[in-house]
Amino acid sequence: MAAITRRMKETNISHSVNLSSSLISAKEVDEAANKWKNCLIGKIISKDDADFDGVQKDVNIIWRKYRRVEIHTMSRNMYVFKFKNEDEVEDVLKKVLWIMDFNMVVLQKYDASIQLKDYSLTHQVFSVLMSGLALEHLDRGIIDKMCSDIGRRIDEDSKPGFSIRGRMVNARIEVDLRKPLKRGVWLLTATKQRVWVKYHFEKQPKKICTHCFVLDHNEEECEEITWNLFIYRMTEKQFADFYAKNEHKIHEMM
């Protein structure tokens, strides 16, 4: 310790010096960060490492109208895309969803004041078509329940985020990518019969587990989710028949 103190005196270093002081000022870093305001941060949803060349190639194709979008790798499968102005950023966000390197990319505005670990890129807006509806299912309250069954409906300008065409409903819904994309739901009709209403997710990526239908796939949870989806899809009679033939297997799994 004495040697360190002596060395500090020799080099005229005072105990009062702030050794953690920054080389640059707050004003300088704010001005530098401001140059990154017209950016999107995106995460490619894949269990495999994305290929940068493949991402760059897709960006040059799908965003060619914006010309020379800069790409900066932030971490595994996470990138920042720099555009020329705010209008381009807003235009891209309105036209989700996007596919890069054969996988879906989740996008949101980049904010330099947010640490990378604090970004939550776990949700995506889909256009979901609900088909097989009876006329009584076109009720606003029932539509609201179906949307909530899938995720969070996105309303715009005080207007409901869905449209009705014939006996089909199309809604913009934000879904949690860590949960299965539901294939449908059982509804009662006016005759008190149960009917299966199908959910169709437009632009659903081809790379999705066809067992659990979870985009942000978790291998450890896949089997349980798959089993739950399989059971839910059955009618009571179908389940009774299945249970009679596979009772021993069901007990083994429980």
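Criteria and cut-off values
- Residues numbered from 1 in each chain as written.
- Predicted model: local features only at pLDDT ≥ 70, side-chain atom pairs only at ≥ 80, totals over all residues.
- Heavy atoms only, no water.
- Pairing = 2+ DSSP bridges.
- Helix = DSSP H or I, 4+ residues; strand = E, 2+ residues; numbered from the N terminus.
- Axes fitted to C-alpha atoms, helices over the stretch in contact; angles between N-to-C directions.
- Contact = heavy atoms within 4.5 Å.
- Disulfide = S-S within 2.5 Å.
- Buried < 20%, exposed > 50% of the residue type's maximum accessible area, 1.4 Å probe, protein only.
- Salt bridge = Lys/Arg side-chain N within 4 Å of Asp/Glu carboxyl O.
- Arc of directions from axis to C-beta.
- Polar contact = N/O pair within 3.5 Å; in protein donor to acceptor, adjacent residues only side chain to side chain.

## A closer look at the pairing of strand β6 (residues 123-131)
- Pairing geometry for β6 and strand β9 (residues 168-176), over eight bridges, is antiparallel. Pairing of Leu-129 across the sheet is with Asn-170, part of β9.
- Pairing of β6 with strand β11 (residues 194-201), which is carried by four bridges, proceeds in the antiparallel orientation. Residue pairing across strands places Ser-131 opposite Lys-198, the latter belonging to β11.

## Quick look at the sheet that holds strand β1 (residues 39-44)
- Taken together, five strands build an open sheet; the order of strands is β2-β3-β1-β5-β4 and the sheet is antiparallel. Of all the strands in the sheet, just β2 (70-75) and β4 (98-100) have a single pairing partner and so form its edges. Strand-to-strand twist in this sheet, taken as the mean axis angle between neighbours without regard to direction, amounts to 35°.
- Sheet analysis places β2 next to strand β3 (residues 78-82), joined by five bridges and oriented antiparallel. Counterpart to Glu-70 in the pairing with β3 is Lys-82.
- The strands touched by helix α3 (residues 52-62) are β1, β2, β3 and β4; relative to β4, the strand with the most contacts, the crossing angle is about 140°.

## A closer look at the state of the cysteines
- A complete count under the given rule lists zero disulfides for this structure.
- This cysteine, Cys-212, is not joined by any disulfide, and Cys-209 carries the nearest cysteine sulfur, 3.7 Å off.
- Look at Cys-212 and you get buried, because its relative accessible area is 1%.
- Counting only cysteine sulfurs, Cys-209 is the nearest neighbor of Cys-222, a cysteine outside any disulfide, at a range of 3.8 Å.

## A closer look at the pattern of salt bridges
- One pass over the structure, following the stated rule, counts twelve salt bridges.
- Glu-90 is paired through a salt bridge with Lys-109; the nearest N and O atoms lie 2.4 Å apart. Of this pair, Glu-90 sits in helix α4 (residues 86-94) while Lys-109 sits in strand β5 (residues 103-109), placing them 19 residues apart in sequence.
- The partly exposed category is assigned to Glu-90, whose relative accessible area is 29%.
- For Lys-109, a relative accessible area of 39% translates into the label partly exposed.
- Between Arg-153 and Asp-155 there is a salt bridge whose closest N-O contact spans 2.8 Å.
- For Arg-153, a relative accessible area of 15% puts it in the buried group.
- Sharing partners across several salt bridges, the network here consists of Arg-140, Asp-144, Arg-153 and Asp-155.

## As for helix α5 (residues 140-150)
- Buried residues of α5: Ile-143, Met-146, Cys-147 and Ile-150, and no others. Each buried residue of α5 lies within a common arc of 100° when the element is viewed along its axis, so the set occupies one face. Opposite the buried face of α5, by more than 90 degrees, sit the exposed residues Lys-145 and Ser-148.
- Each element contacted by the buried residues of α5 is listed here: β6, β7 (152-153), β8 (162-165), β9, β10 (184-188) and β11.
- Sitting at the amino-terminal end of α5 is Asp-139, which places a side-chain oxygen 2.9 Å from the backbone nitrogen of Gly-141.

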